[in-house]
Amino acid sequence: MMFYFKKDHKSLTLFMVITLIMALALAGCSSSSNSSNSGNAATAVDGGEKKADPIIVKFSHVTTIDSPKGLASEKFKELAEKYTDGRVTVEVYPSSQLYGDKEELEAVQAGNVHIIAPSITKLVGMNPQFQYVDLPFLFKDNEAVYKFWESDANKKLMNSLDNYGVRLLAMWPNGFKQFVNGKYPLVTPADFKGLKFRVQAGSVLEAQFKALGAGSATIPFGETYTALQQGTVDATENTFNNIDTQKYAEVQKHLTVSNHGRLDYCIIVNTKFWDGLPGDIREALEKAMAEATDYAVELAEDLDQKSFENLKNAGMEVVELNEVQRAEFVKVMEPVVAEFESVIGKDIIDAARAANQ
């Protein structure tokens, strides 16, 4: 830019002022440029690009944090964050903090949470064959259950959910179900007549209690304690650990050790979310899930037996069915297995029975 002025005192003063202003401006630009370059250098020295925010994985379930499911989910969180070097953060929400057992399946389908661990029975709306878990006296012991999970029949069943936007990643054990009630000892099938039991949703469970002459009501897991306390129902069935951690001994005094059915969990993910993860992240999470599953198997049996001792120490009156008494229950409930064979599938029932061998 050109400046024109006359060669007098005032003009010279104006020229000097303008020159000074321009010099200061140029100095400021240089300082700014140097500062900017210095910042870029610092960024490069500090590691280049800004570290990406971690991927958030929301894991929701309905049991307490000290239950087998609760502890196994915390183990998965620990391993997942370790194996991804912090690129994944797992947020675990126990005790129905986000969703109850009636809403969690819809929540994972909608992508509102990414992983849930419902009881296997919750899947009967998608595939009624999952009702196998409710068939009375289908498995003789824990080892038979684990053997069945490895069978081709069960693997086919696990792959049957693709059309529902979810994927079944693993099975976690809880244990065998027992009967509890607040009125009197249950020793024979005749003792069940007239009692009303809280159950999970499912036709097999309704048929089971009908065969025993009892009624049933579907009540969410988180509301069961109150229903027992207020007399909405007289009794329920559950594993030692759930009976213990849900504090049913405070409102139910009679426990019958029957090992008549199973209460196990399935680990379900939202398919779109899972498949959308970077390949290395997904592999790391699969590794974490496999190890958490091994941990869940070891944990479930130990905690179940500890809970059994806790229930006895809490003052529950315990009836342990002997072989003759158990055989009487098996005979009464045989028609239930026959009734649902066509629904559940003979191949699944045969695979379960083969696992008992």
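Above this note sits the structure.
A brief structural summary. (Residues numbered from 1 in each chain as written. Predicted model: local features only at pLDDT ≥ 70, side-chain atom pairs only at ≥ 80, totals over all residues. Heavy atoms only, no water.)

Another aspect to go through is the packing of helix α4 (residues 142-149) against helix α13 (residues 346-355). Their axes nearest at 8 Å, the elements α4 and α13 cross at an angle of 135°. As far as their axial angle goes, α13 and α4 are oblique. Relative to α13, α4 is oriented so that their crossing is right-handed. Every residue of α13 that contacts α4 at A144, K147 and F148 is listed here: I348, A351, A352, A354 and A355. Partitioned by chemical class, the residues of the contact of α4 with α13 number seven nonpolar, no polar and one charged. (Axes fitted to C-alpha atoms, helices over the stretch in contact; angles between N-to-C directions. Helix = DSSP H or I, 4+ residues; strand = E, 2+ residues; numbered from the N terminus. Parallel < 35°, antiparallel > 145°, perpendicular 65-115°, else oblique. Left-handed = near helix turned anticlockwise from the far one by under 90°. Contact = heavy atoms within 4.5 Å. Nonpolar A, V, L, I, M, F, W, Y, C, P; charged D, E, K, R; others polar.)

On inspection of all chains with the given rule, the structure shows 12 salt bridges. Notably, a salt bridge pairs D101 with K122, separated by 3.7 Å at the nearest N-O pair. Taken together, the residues span a long stretch of sequence, with D101 in the loop between β2 (88-93) and α3 (104-110) and K122 in the loop between β3 (115-116) and α4 at a distance of 21 residues. On the basis of relative accessible area, D101 is assigned to the buried category, the value being 11%. (Salt bridge = Lys/Arg side-chain N within 4 Å of Asp/Glu carboxyl O. Buried < 20%, exposed > 50% of the residue type's maximum accessible area, 1.4 Å probe, protein only.)

In this section: the packing of aromatic side chains. Scanning the entire structure with this criterion turns up 13 aromatic pairs. A centroid spacing of 4.9 Å and a plane angle of 55° characterise the contact between Y132 and F148, whose relative ring orientation is tilted. Remark: F148 occurs in helix α4 and Y132 occurs in the loop between β3 and α4; sequence separation between them is 16 residues. Assessed through its relative accessible area of 2%, Y132 is described here as buried. Among the aromatic residues, ring-to-ring pairing joins F179, F192, F197, F209 and F329 into one connected group. Here the basic side chain of K69 rests over the ring of Y265, its NZ or CZ set 3.8 Å away from the ring centre. One cation-aromatic arrangement involves K312 over F308; the distance from NZ or CZ to the ring centre is 4.3 Å. (Phe/Tyr/Trp six-rings, centres within 6.5 Å; stacked < 30°, edge-to-face > 60°. Lys NZ or Arg CZ within 6 Å of the ring centre and 35° of its normal.)

Moving on to the sheet that holds strand β10 (residues 262-270). Spatial ordering of the open sheet is given by β2-β1-β3-β10-β4, a layout of five strands whose pairing is mixed. A single partner strand is all that each edge strand has here, and the edge strands are β2 and β4 (166-176). When strand β1 (residues 55-60) meets β2, the two strands line up parallel, connected through six bridges. By the bridge assignment for β2, V57 is matched with V90. Packing of α4 onto the sheet brings it into contact with β4 and β10, and relative to β4 it is tilted by some 170°. (Pairing = 2+ DSSP bridges.)

So, about the packing of helix α2 (residues 68-83) against helix α10 (residues 279-313). Look at α2 against α10: their axes get within 8 Å of each other, and the N-to-C directions meet at 150°. Comparing the axis directions of α2 and α10 gives the class roughly antiparallel. In the packing of α2 onto α10, the handedness of the crossing is right-handed. Seen from α2, the contacting residues are P68, L71, A72, K75, F76, L79, A80 and Y83; seen from α10, they are A284, L285, K287, A288, M289, E291, A292, Y295, A296, L299, A300 and L303. Taken together, the residues of the contact of α2 with α10 sort by class into 17 nonpolar, no polar and three charged.

To continue, consider α2. Taking 1.5 Å as the rise per residue, α2 with 16 residues should run 22 Å; its terminal C-alpha atoms sit 22 Å apart, in good agreement. Among the residues of α2, P68, K69, G70, A72, S73, F76, L79 and A80 are the ones counted as buried. Phi turns positive one or two residues past the end of α2, at D85, with a value near 55°. (Expected span 1.5 Å × (residues − 1).)

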